[in-house]
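Residues per chain, in single letters:
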Amino acid sequence: MSTPLDPPAQDNPARRLHRQLAEIWATGPGLQRLAAVNHSVIGRRMMITSFVFFAIAGVLGMLTRVQLATPNSTFMTPEMYNQVFTMHGSMMLFLFAIPMVESVAVYLTPKILGTRDFAFPRLTAYGYWCYLFGGSIVTFSLLLGVAPDSGWFMYTPLSSSVYTPGINADVWLLGITFVEISALSLAMEIVVSILKMRAPGMSLDRMPIFGWYILVTAMMMIVAFPPLILGSILLEVERAFGLPFFDPTRGGDALLWQHLFWLFGHPDVYIIFLPMAAVLSTIIPVFANRALVGYRAIVVAIIALAFLSFGIWVHHMFTVGIPHLALAFFSAGSAIVAVPTAIQFFAWLATLSHGKPRWDVPMLYVFGFFFVFTMGGLTGVMLAMVPFDWQAHDTYFVVAHMHYVVAGALAFPMLAGLYYWLPLLTGRAAVHRLAVPAFWLIFIGFNMTFFMMHLTGLMGMPRRIYTYGGHEGWNWLNLLSSVGGFVMTIGFALLVIDLIVQLRFGRRVRRNPWGATTLEWAMPLPPPAYAFASIPHMGKEDAPVDGLADSLARGEGYLGSTRNGWQEALGVHIVSGAPEQLIVLPQPTYLPLFTALATATAVLGFLFKTYLLSMVAALVVAGLFVIAAQRAGHSRDYGPLPVGRGVSVPPHTEVESAPPYLALICTLIADGTLFTSLLFGTFYLWIAAPNWEAATTPGPDLALTLGVIGALVMATLAARGSLRATVAGGKPWGWIGLAMVALVVAISAAVALIAGILPDPREHALGSTAAALLGYVVFHAGVGLLFLLSNALRIGAGFVSPQRVVDLRLSRLWLDYTAFTGAIALGLVLALPKLVAIMGSQA
């Protein structure tokens with residue numbers, strides 16, 4: 001069954017269409033702006049917020065340079081210095097770099113791929129609020145004098161409760177994990193949106209290179225972040241409840257933290273680099289006046305880089321006592337990773353050399369990137385060599401290398417992209433009299449600051465030191481480095497002034513001022529909330545952007561009319577890009593804000609050890625997610641609906657490949673990575689940690705353990721039964737009730753197992769790892785109950801029918817995963833006595 005379209009336009013059809021779309025997609029004024037969920041609004045907010053955190057982190061960095069400018073300085077106390085340099089690194093990485101690349105992706109990806117918004121706008125808004133609240137918690141701790149002070153990588157045992165007894169480390173673990181969960185949710189949304197919401201006809205092999213970079217980056221985030229999240233949870237549990245995972249005196253191992261941290265930390269370098277490479281691959285062809293050279297080679301290089309980056313995390317740990325064979329393997333891997341990077345580099349150079357480059361402000365920053373990143377790459381190859389790394393490890397040489405790679409690869413392309421897309425954001429052009437001097441001050445100041453650190457590092461200056469004696473020969477180098485830092489800061493201040501002046505006095509520009517070929521320029525400047533008045537169809541030959549823009553504005557693409565006041569977008573086949581579903585997006589709502597506030601309350605409750613408040617807030621969060629699910633979809637069947645160009649497709653609630661299903665698969669991939677990291681941690685402690693003595697051999701209750709596995713299997717079978725019954729037109733209530741009872745039984749039995757764990761989880765890592773494995777099962781069974789509760793509510797409200805079974809398919813998938821991982825976790829708990837008997841006596 002289809003529904004009639006809104007009345008056709010009586011006056012100018014295009015003008016009428018734009019008015020209708022503007023009303024449907026608008027966010028209200030005043031406080032209603034807090035309910036915004038549109039990707040353009042959220043993207044701009046993330047950019048501004050990350051710039052604010054960047055400015056704060058920059059000031060902290062300057063404070064460290066003031067402290068180190070002269071020997072024996074008393075500008076800061078050692079305690080204050082520890083907090084300042086820890087916060088500088090943490091904020092730059094977790095509150096600026098990662099959110100900034102995500103904000104660029106949030107704002108630009110739908111526009112470049114020719115769609116109107118992301119698949120889950122409320123999740124976008126929730127991610128932003130979590131980022132803002134988490135970052136604020138970490139920032140305010142500095143004002144209260146309880147900021148993290150153990151270094152931005154929080155190595156144990158320095159960050160343990162023994163050596164950092166206050167809440168300083170807790171602020172980092174809870175606040176940063178809060179932000180990381182936000183980043184993870186945005187990454188899943190980006191993956192689903194790119195794969196399912198591209199412009200029709202845009203097959204994967206014809207997707208703009210920007211889309212490929214962002215897709216691979218988001219996939220890397222889904223896999224890279226869970227190990228750090230797991231490490232933070234385990235360390236916080238150790239600090240708060242005394243369960244030892246990293247304490248070597250109780251069967252833990254401090255190096256486990258380093259493994260979990262760098263399993264995230266090394267891919268994170270490329271998570272930051274690849275989106276900026278996307279900016280370069282988009283900008284350079286425009287200014288070279290020719291297509292990008294080596295499109296397919298670059299796509300292969302991006303994918304290869306992603307895989308390689310996960311295999312060389314140990315090159316940050318060359319000095320911790322790794323066996324020689326492993327050192328050789330990871331050293332070679334670290335050198336090989338330069339190959340896919342070089343492919344992209346040479347493709348950019350070839351594009352410039354085969355084109356007719358024209359110079360403008362964005363190209364100045366592209367030039368700056370080439371210089372800085374080449375320097376960082378060369379020192380990276382040096383550090384990949386084990387003998388050199390042993391000499392330079394933990395010196396300022398590493399600090400210099402990291403800034404050249406991370407800051408250089410991020411800052412210069414980011415500023416190039418800022419000037420390139422500024423007309424899209426503001427509709428105005430930059431003021432060259434300010435933009436050009438700002439570039440040179442930043443470029444000169446950057447190199448003056450960080451190049452000197454190479455020299456002080458080679459002369460033996462350790463990183464993280466509070467001050468130095470003045471007899472080492474580092475004085476003039478440190479002074480020049482500090483002066484360079486101030487020059488760079490003046491450059492950034494001039495850049496900010498340029499942006500402000502541009503907003504007020506900048507020359508208005510016409511659409512597509514650079515003569516680009518990507519779709520973000522086929523819309524008015526600045527773009528409206530609905531982006532495109534109609535969705536383009538991408539044929540084999542791309543139409544010129546200017547001509548395409550006029551056609552889309554007249555409503556000649558897909559969805560060139562409005563219907564029922566719906567915010568509509570098109571869903572496509574993952575590979576071919578053929579249209580296959582109509583996606584109806586949610587309107588602005590305060591739910592993301594309230595959910596993020598409840599999440600922040602849970603975090604603060606844990607931070608201040610008011611666990612009851614934290615638990616209540618966590619239940620509120622779960623309840624709000626269930627409420628949010630109740631508002632999704634339709635309460636009736638529609639069948640195929642016309643979407644323009646003679647095509648009709650069903651709503652996404654009536655197809656198997658709906659975005660929520662793909663989103664859950666992404667969630668389970670992230671969850672599976674976390675579970676794999678937990679298994680890795682268990683086996684690592686079994687093999688490497690001391691004191692896993694045979695005398696403490698545990699004896700898990702076999703009947704209870706098998707009972708948990710049986711109940712989990714029963715739950716997933718019942719979930720399948722509810723799906724079959726619904727599709728057949730029957731009543732699924734019995735099956736849903738059976739699944740819920742099975743999960744309650746599984747949770748009860750698993751909790752009983754935790755209560756009976758030997759040795760006590762607080763006494764030895766053997767018990768704490770068993771408790772963690774069982775806790776994982778309990779948590780997932782609990783979430784399964786929420787899925788079933790949501791199913792029951794939505795069936796009762798009429799949101800489920802034989803054609804609309806997405807909810808039941810999601811529950812089935814979750815319970816399948818819970819049963820699978822639960823069997824592995826419980827099997828490992830059962831196997832622990834045997835494992836301890838084999839290798840436990842190491843003391």
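Residues numbered from 1 in each chain as written. Predicted model: local features only at pLDDT ≥ 70, side-chain atom pairs only at ≥ 80, totals over all residues. Heavy atoms only, no water.

### Some words on the UniProt feature "domain: Cytochrome oxidase subunit I profile" (unreviewed entry) in the chain
Part 1 of the reasoning: Using the residue numbers shown here, the UniProt feature "domain: Cytochrome oxidase subunit I profile" (unreviewed entry) corresponds to residues 19-539.
Part 2 of the reasoning: When the span residues 19-539 is considered, its composition is 69% helix and 0% strand, and the gap between its end C-alpha atoms is 28 Å. (UniProt positions renumbered as here; feature names shortened; annotations may be inferred. Helix = DSSP H or I, 4+ residues; strand = E, 2+ residues; numbered from the N terminus.)

### Let's talk about the nonpolar core
Part 1 of the reasoning: One finds F225, F273, W348, Y365 and F369 to be the most contacted residues of the largest nonpolar core, which totals 270 residues.
Part 2 of the reasoning: Ranked by the residues each element gives to this core, the list is headed by helix α7 (residues 254-288), at 22 residues.
Part 3 of the reasoning: Every residue in contact with F225, bar those within four places of it in the chain, is listed here: I98, E180, A183, L184, F264, D268 and I271.
Part 4 of the reasoning: Counting residues in each nonpolar core, the second largest holds 11 residues, with I535, L559, W566 and V649 among its members. (Core = buried A, V, L, I, M, F, W, Y, C linked by side-chain atoms within 4.5 Å. Buried < 20%, exposed > 50% of the residue type's maximum accessible area, 1.4 Å probe, protein only. Contact = heavy atoms within 4.5 Å.)

### Description of the packing of helix α2 (residues 39-68) against helix α3 (residues 78-112)
Each packed pair of helices is defined by two parameters, the angle between the axes and the distance between the axes.
Part 1 of the reasoning: Put simply, α2 and α3 touch, their axes get as near as 7 Å, and they point 155 degrees apart. The angle between α2 and α3 falls in the class roughly antiparallel. Between α2 and α3 lies a crossing of left-handed hand.
Part 2 of the reasoning: Its residues placed into classes, the contact of α2 with α3 shows 24 nonpolar, 10 polar and three charged. (Axes fitted to C-alpha atoms, helices over the stretch in contact; angles between N-to-C directions. Parallel < 35°, antiparallel > 145°, perpendicular 65-115°, else oblique. Left-handed = near helix turned anticlockwise from the far one by under 90°. Nonpolar A, V, L, I, M, F, W, Y, C, P; charged D, E, K, R; others polar.)

### Remarks on the packing of aromatic side chains
Part 1 of the reasoning: Counted under the stated rule, the structure contains 66 aromatic pairs.
Part 2 of the reasoning: Their ring planes at 70 degrees and their centres at 5.5 Å tell us that W313 and F330 sit as a pair that is edge-to-face. One end of the pair, W313, is in the loop between α8 (295-310) and α9 (324-336); the other, F330, is in helix α9, and 17 residues separate them in sequence. We note that W313, like F330, is buried.
Part 3 of the reasoning: Linked through ring pairs, F94, W152, F153, Y155, W172, F225, F246, W257, F261, W262 and F264 together constitute an aromatic cluster.
Part 4 of the reasoning: Sitting over the face of the ring of Y107, K111 holds its NZ or CZ atom 3.8 Å from the ring centroid.
Part 5 of the reasoning: The aromatic ring of Y661 is capped on one face by R809, whose charged end is 4.1 Å from the ring centroid. (Phe/Tyr/Trp six-rings, centres within 6.5 Å; stacked < 30°, edge-to-face > 60°. Lys NZ or Arg CZ within 6 Å of the ring centre and 35° of its normal.)

### Comments concerning the pattern of salt bridges
Part 1 of the reasoning: For the structure shown, the criterion picks out 11 salt bridges.
Part 2 of the reasoning: K196 is paired through a salt bridge with E580; the nearest N and O atoms lie 2.3 Å apart. Here K196 is found in helix α5 (residues 168-196), whereas its partner E580 is found in strand β2 (residues 579-585), with 384 residues between them in sequence.
Part 3 of the reasoning: Assessed through its relative accessible area of 23%, E580 is described here as partly exposed.
Part 4 of the reasoning: A salt bridge links D394 to R463; its shortest N-O distance comes to 3.8 Å. In this pair, D394 sits in the loop between α12 (386-392) and α13 (396-426) while R463 sits in the loop between α14 (432-458) and α15 (475-505), placing the two residues 69 residues apart along the sequence.
Part 5 of the reasoning: Overall, the relative accessible area of 32% leaves D394 in the partly exposed class. (Salt bridge = Lys/Arg side-chain N within 4 Å of Asp/Glu carboxyl O.)

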